[in-house]
Each structure stands twice: as structure tokens, then as C-alpha cells.
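Structural description and commentary
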Amino acid sequence: MKINATRLQQHFEAMSLIGKIGETGTCRPAHTELEKQGFDIAASWMRDAGMKTHIDNFGNLIGRLEGKNPNLPCLMMGSHLDSQPYGGRFDGVAGVLCAIEVVATLTENNIQPERSIEVISFADEEGWRFNKGLFGSRGILGKLEEGELQRADKDGITREQALKDFGCDITKFKASEYQPGSIFCFLELHIEQGPVLDLAHKPIGVVSGISGPLWWTVKLKGMAGHTGSVPMPIRKDALIGAAEIIVAVNEIATQVPGAPTVGTVGTIQVFPASRNIIPEEVIFTVDLRDIDLDRRNRYEKQLRDRIESITKKHQLTYEISEDTKSDPRYCADWIKAIIHQQCEDLKLEAVELMSGPFHDALALSYACDYGMIFVRCKDGISHNPLEFASYEDLAIGTNVMLGTVIEILKK
């Protein structure tokens with residue numbers, strides 16, 4: 001039994017036109033009309049595959065293939081269709097479209113599983129619009145945090161308003177939550193977003209675990225003044241402090257050569273942003289990740305200490321808001337074993353590797369066992385219009401996923 005590679009390619013090509021930027025880029029923000037267009041076409045493919053579809057109150061698109069025993073915990077697959085503002089055609093999309101293709105293949109072969117299968121495109125995995133990701137996957141598990149609906153995007157639109165505009169009812173979140181034990185396991189196929197598979201000349205990887213992300217928003221406060229008249233020794237320049245902290249993030253993350261730790265400052269806002277006013281306030285984000293929790297915790301303390309000393313030196317005040325903090329999460333050994341066996345059956349030498357980026361699987365790992373399949377992407381480029389995975393590799397990954405699903409359904 002094999003998936004229909006031609007159909008899968010056509011689905012990718014059709015989805016790539018929604019929110020297209022340039023020749024190969026994608027901008028499909030969460031909870032927007034563009035994402036709704038993506039949902040509409042994906043839902044049509046879900047229905048073609050025999051699933052019933054709906055959008056829940058968190059903004060997740062859900063397709064369900066009813067099993068012979070619908071009371072059994074479901075096998076869940078999926079990823080997301082929202083993209084980065086300057087993103088590519090495969091990140092997230094692969095996990096949704098390849099899962100739909102797996103279900104379509106089962107339906108075409110007249111296989112009705114004992115347990116139901118659900119395919120989900122989770123809302124706002126990326127997290128850039130409201131500075132906090134995994135919204136839909138955390139939502140269905142009742143893991144949202146206080147104040148999330150009041151987070152605003154760059155245009156001042158709150159998450160609450162965006163959800164209402166999307167057609168969601170925020171007063172009925174409970175109705176969209178999954179009861180404990182209702183999910184048997186979760187599978188996610190994703191492009192690697194790194195260079196390991198490409199350098200190894202291997203199309204498929206078996207994921208061992210996901211690094212734990214720590215996201216901060218840091219605010220530094222100094223004193224504005226005229227750049228031409230305030231002497232350098234008495235300035236309280238918030239941007240100078242921010243610059244030193246940004247360098248510190250890099251120094252801390254790279255102190256152990258070869259370690260998989262990563263640290264990034266990805267956004268920065270300066271107030272009042274005039275060329276002849278000393279910066280009074282700077283707000284920037286910090287992203288620190290590691291598969292080793294003890295090491296990440298040590299680095300977090302080091303960074304807090306550096307921020308304390310740097311701001312004291314420049315007579316600044318600071319605030320740190322913790323946006324996301326998750327432990328590293330490891331894939332279930334029994335699912336990894338099945339994926340490895342499927343790769344062997346297809347005569348693939350699959351590499352086992354960790355994931356630096358987080359995925360919806362990170363949220364689901366707190367509710368059930370999970371497994372992930374990585375597909376090679378060219379030069380490891382992602383979150384960039386140059387992101388590329390071949391349709392041949394995607395078809396191979398989907399066949400691995402199909403075989404994995406068939407084996408899981410036997411349990």
C-alpha cells in the first residue's frame with residue numbers, strides 16, 4: 001500500500017498559493033483570512049479522504065475519520081498551516097498535508113480503523129503574531145495561561161479579537177478541550193529545519209526529542225536626553241545595555257563548543273526611536289533552547305546575572321516577562337521503534353536526531369506518547385522563502401508515516 005505522490009504534490013502546490021510572497025515565500029498569519037482560506041482548501045481534502053471537519057473555538061481545523069469503536073482514544077496526527085511572516089512553503093504544511101494523504105490512502109483501501117483518527121491543523125504554532133506559540137495545541141489540553149487573550153499584535157489587535165473575527169467563541173473553550181486519556185498517541189511529520197539530514201544525504205530522520213524552549217520579553221528603562229548635550233559618562237542609554245545583553249546571550253549559548261544550545265534575540269523595539277534622542281526604553285525578545293534541561297537552567301541563571309550587572313553598570317531598570325518555558329520532551333521509544341522498522345522495510349537508513357525547534361508535538365507530549373518523522377530540507381534552511389523539501393522526500397516520509405499508522409492501529 002502506497003500513498004498517491006502526485007496528489008500530495010498537487011496539494012502542496014495549491015496550498016503554496018495562499019499567502020504567497022515572492023516566488024517561493026509564504027506569509028499566512030494565525031487567525032486571519034489567509035489562514036481561513038488555507039483551512040477551507042485543507043478541509044475539502046479532509047472530506048475527500050472520508051473525514052468530517054470542523055473548526056473549534058481555539059481556531060484549530062480538525063478532521064476526524066470515525067473508527068469502528070469511537071469510544072477508544074484517538075490516534076492524532078497533524079501540525080499547522082500558519083506561517084512565519086517571511087516563511088516557506090513546507091514548515092507546518094507538511095505535517096498537515098502528509099497526514100491527510102495517509103488517511104486518504106487508508107480510505108481508498110477500504111480500511112476502517114478500530115480507533116478513530118484525527119488530523120489537526122493547530123492554530124498559531126509559530127507564535128510570532130502574539131509572541132506566544134503552540135496556542136491551539138495547548139488550548140485543547142486546557143494549558144492556556146492567564147492574559148493570553150489580551151496579547152496584541154503589531155497592529156494592536158488582541159488574540160481575543162482575532163479569534164472572534166475568525167468565528168471562534170472564546171466563552172466555549174471548555175467545549176473544545178480534550179478529556180484526559182482521549183488521545184492515544186500523536187504523530188507529526190515535519191521538515192527538519194536543520195542541516196543534519198541534508199549533510200548525511202538521508203531523506204528521513206527519526207526524532208528522539210524536542211529541545212525545551214525558554215522565551216523572554218525583556219524591557220530596559222533608562223533616561224531620554226539630547227544626543228548633542230548629555231555627556232557620555234552620565235547617560236542612561238537603554239540601547240547600550242540591550243546591546244551588551246544581546247552579546248551576552250550569544251556568549252552564554254556558545255560557551256560549550258559543539259553543544260546543541262542555541263540563543264537568539266530576534267526582535268527589538270527602541271523608544272522614542274529618534275536619531276538625536278538617547279534611547280530611553282528598549283524591549284527585546286530572548287529565545288534560549290537546549291535538549292539538556294540542567295544546562296539550560298544554568299544558562300538561564302547566567303543570563304539573569306549578566307542582565308543584573310549590565311543594567312546596574314548603565315543605571316538602568318529592567319523587567320523580564322517569561323512568555324514560554326518548557327522542559328525538553330522525549331519521543332516514546334515504542335513509536336520510535338515502529339518508525340525505524342518502517343524505514344528499514346523501505347530500505348531507508350534513517351538518522352535519529354533531536355529537534356531544536358519546538359512543534360505542536362511538544363504540547364501534546366504532556367497528554368500522550370508522541371513520535372515525529374523528519375524530512376530532509378535543502379541546506380537546512382527554514383523560516384525563509386528559500387526553504388525547500390523535495391516532493392520525492394515528502395512522499396517517502398508520508399509512506400513511512402502510513403506504515404507507522406497501520407502498525408499503531410494494531411495496538
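These remarks concern the structure in this document.

Definitions and cut-offs
- Residues numbered from 1 in each chain as written.
- Predicted model: local features only at pLDDT ≥ 70, side-chain atom pairs only at ≥ 80, totals over all residues.
- Heavy atoms only, no water.
- Axes fitted to C-alpha atoms, helices over the stretch in contact; angles between N-to-C directions.
- Helix = DSSP H or I, 4+ residues; strand = E, 2+ residues; numbered from the N terminus.
- Parallel < 35°, antiparallel > 145°, perpendicular 65-115°, else oblique.
- Left-handed = near helix turned anticlockwise from the far one by under 90°.
- Contact = heavy atoms within 4.5 Å.
- Patch = residues over 30% accessible without salt bridge, like charges linked within 9 Å, V, L, I, M, F, W, Y side chains within 5 Å.
- Areas by Shrake-Rupley, 256 points an atom, 1.4 Å probe, with all protein chains shown as cover.
- Salt bridge = Lys/Arg side-chain N within 4 Å of Asp/Glu carboxyl O.
- Buried < 20%, exposed > 50% of the residue type's maximum accessible area, 1.4 Å probe, protein only.
- Expected span 1.5 Å × (residues − 1).
- Phe/Tyr/Trp six-rings, centres within 6.5 Å; stacked < 30°, edge-to-face > 60°.
- Lys NZ or Arg CZ within 6 Å of the ring centre and 35° of its normal.

1. A word on the packing of helix H1 (residues 5-15) against helix H2 (residues 33-48)
Following both chains from N to C, one finds H1 and H2 inclined at 165°, their axes separated by 10 Å at the closest point. The angle between the axes of H1 and H2 places the two elements in the roughly antiparallel class. For the pair H1 and H2, the crossing hand works out as right-handed. Here His11, Ala14 and Met15 of H1 lie close against H2, whose contacting residues are Gly38, Ile41, Ala42 and Trp45.

2. Quick notes on the environment of Asn69
Relative to the helices and strands, Asn69 is located in the loop between strand E4 (61-65) and strand E5 (74-79). Those residues in contact with Asn69 that lie beyond four places of it in its chain are Glu114 and Arg115.

3. Side note on a nonpolar patch on the surface
Taken together, the side chains of Leu239, Ile268 and Val270 make up a nonpolar region of the molecular surface, amounting to roughly 200 Å² of accessible area. Along the polypeptide, Ile268 turns up in strand E11 (residues 268-271). What makes Ile268 partly exposed here is its relative accessible area of 42%.

4. Some remarks on unusual backbone geometry
Cis geometry marks the peptide bond from Phe271 to Pro272, where omega comes out at 5°. In this fold, Pro272 is placed in the loop between E11 and strand E12 (281-290). For Ala273, which is not a glycine, the phi torsion comes out positive at approximately 60°. Mapped onto the secondary structure, Ala273 falls in the loop between E11 and E12.

5. Some thoughts on the environment of Lys20
If you trace the backbone, Lys20 turns up in strand E1 (residues 20-21). Remark: the alpha-carbon pair of Lys20 and Ile268, spanning 248 residues in sequence, is separated by 26 Å.

6. Focus: helix H12 (residues 391-408)
Structural remark: α-helix, 3.6 residues per turn; residues separated by three or four positions point the same way. Between its first and last C-alpha, H12 extends 25 Å over 18 residues, near the 26 Å set by a 1.5 Å rise per residue. Judged by how many residues are buried, H12 sits mostly within the fold: 13 of 18 residues are covered.

7. A short note on the packing of aromatic side chains
Scanning the model with the defined rule gives 10 aromatic pairs in all. Here the aromatic rings of Phe12 and Tyr391 are separated by 5.9 Å at their centres, their planes lie at 55°, and the arrangement is tilted. You can see Phe12 sitting in helix H1 and its partner Tyr391 sitting in helix H12, a full 379 residues away along the chain. Accessibility expressed as a relative area gives 2% for Phe12, which makes it buried. Given the relative accessible area of 23%, Tyr391 is considered partly exposed. A connected cluster of aromatic rings, assembled from ring pairs, spans Phe12, Phe90, Phe388 and Tyr391. Positioned above the aromatic ring of Phe166 is the side chain of Lys36, whose terminal nitrogen or guanidinium carbon lies 4.6 Å from the ring centre.

Spatial relationships are all this shows, so hold off on functional conclusions.
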